[in-house]
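Here's the letter readout for the chains.
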Amino acid sequence: METIVQNIQGVPLNHYILFCSIIFAIGVMGVLTRRNVIIIMMSVELMLNSVNLLLTAFSVHHGDPAGQVFVFFIMALAAAEVAVGLAIIVMVYRNTRSVDINALNRLRG
Amino acid sequence: MSVFYFVAFLSIFFALMTIFTKNPVHSVLYLVITFFTFTVHYILLNAQFLAVVNFIVYMGAIMVLFLFVLMLLNLNKDTEPLKSNLVKFMGVIAGMCLLVTLAASFRLLEISDPVVLKNPDIGLVSNLGKVLFSDFLLPFEISSILLLTAMVGAVLLAKNDPKKA
């Protein structure tokens, strides 16, 4: 316990914010540069996780457990989102034989 | 202190590998390693409950689901659809613009207090359970309904339509 406390002593909150924004930006880049729907969903997971870590860091910094409860809810929501999203991907693959995001452009009106 | 920077470097490296690897299966495996480094971050913040949940739910359940669907659809490097280099370059530039904007605005904020554990047992299961079942009881129950709805929806979507077949 003491070593853990010593380890995070001295990491400024700014560095947590910067680190989480870098991971979030990497997720945005993944959404913009890939065409595989599954990889795009993985990038969304990356963005969700960066926000989770930032919420935890703020929660620890302010000594308020509500932030960590929010992270728990976000994880439950992400699990639901992944289940429905992958079901949709399997259904689209069955109809179009591809996971290319451009196969969905027939949704355009 | 240096542990944080080392693990942060590993997270960024594996996150970049996740989005720039051609083979989707390798991409999922790199994402698993990224989530493992996030678990180490939670342990460093002494959020033990979240570390265990992240380890079991994210690495154990969600990533296995991704891997399972990838293998079910039999995707590999040859079937991977790729964007043209120009679109990729524009995407990276747009992401970097977002990062620069965020970093510049945080620089203006100038919060640089070091993160201090004011209350060391804040992330333990007993403490979080008390908060979850007193202040957040209604959202907790509603999230159970959300999970039930998602389960029914996923089964309904993935099941074959008997009329069509």
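Preceding block: the structure.
Quick look at the structure, then. (Residues numbered from 1 in each chain as written. Chains lettered and ligands numbered in written order. Predicted model: local features only at pLDDT ≥ 70, side-chain atom pairs only at ≥ 80, totals over all residues.)

## Describing the overall build of chain A
Thought 1: Along the backbone of chain A there are 4 helices and 0 strands.
Thought 2: Helices and strands in chain A line up, N terminus first, as α-α-α-α.
Thought 3: Of all 109 residues assigned to chain A, the portion counted as buried reaches 46%.
Thought 4: Excluding contacts between residues fewer than 6 apart, the proportion of contacts in chain A whose partners are at least 24 apart in sequence is 44%. (Helix = DSSP H or I, 4+ residues; strand = E, 2+ residues; numbered from the N terminus. Buried ≥ 20, exposed ≤ 12 C-beta atoms within 10 Å, placed from the backbone. Contact = placed C-beta atoms within 7 Å.)

## Notes on the packing of helix 4 (residues 66-96) of chain A against helix 3 (residues 48-72) of chain B
Thought 1: One can describe the packing of helix 4 of chain A onto helix 3 of chain B by two numbers: an axis separation of 11 Å at closest approach and a directional angle of 5°. The pairing of helix 4 of chain A with helix 3 of chain B is recorded here as roughly parallel in orientation. Here helix 4 of chain A contributes Gln 68, Val 71, Phe 72, Met 75, Ala 78, Ala 79, Val 82, Leu 86, Ile 89 and Val 90 of chain A to the contact with helix 3 of chain B, which in turn contributes Leu 50, Val 53, Val 57, Ala 61, Ile 62, Leu 65 and Val 69 of chain B.
Thought 2: Considering only residue class, the contact of helix 4 of chain A with helix 3 of chain B consists of 16 nonpolar, 1 polar and no charged. (Axes fitted to C-alpha atoms, helices over the stretch in contact; angles between N-to-C directions. Parallel < 35°, antiparallel > 145°, perpendicular 65-115°, else oblique. Nonpolar A, V, L, I, M, F, W, Y, C, P; charged D, E, K, R; others polar.)

## Considering the interface of chain B and chain A
Thought 1: Counting residues at the interface gives 74 residues for chain B, matched by 65 residues for chain A.
Thought 2: Counting residues per element, the ones that place at least two in the side of chain B that touches chain A are helix 1 (2-20), helix 2 (24-44), helix 3, helix 4 (85-109), helix 5 (125-132) and helix 6 (137-158) of chain B.
Thought 3: Here the side of chain B that touches chain A is built from residues that sort into 56 nonpolar, 13 polar and 5 charged.

## Things to note about helix 3 (residues 37-62) of chain A
Residues and elements named next belong to chain A.
Thought 1: The terminal C-alpha atoms of helix 3, which comprises 26 residues, lie 38 Å apart, in line with the 38 Å expected from a rise of 1.5 Å per residue.
Thought 2: Counting buried positions along helix 3 yields 19 of 26 residues, so the element is predominantly enclosed.
Thought 3: Immediately beyond the C-terminal end of helix 3, within one or two residues, lies Gly 63, with a positive phi of roughly 70°. (Expected span 1.5 Å × (residues − 1).)

## A closer look at unusual backbone geometry
Residue and element names in this part refer to chain B.
Thought 1: At Asn 46, a position not held by glycine, the phi torsion is positive, near 60°.
Thought 2: Within the secondary structure, Asn 46 sits in the loop between helix 2 and helix 3.
Thought 3: Using a count of 22 C-beta atoms within 10 Å as the deciding quantity, one classes Asn 46 as buried.

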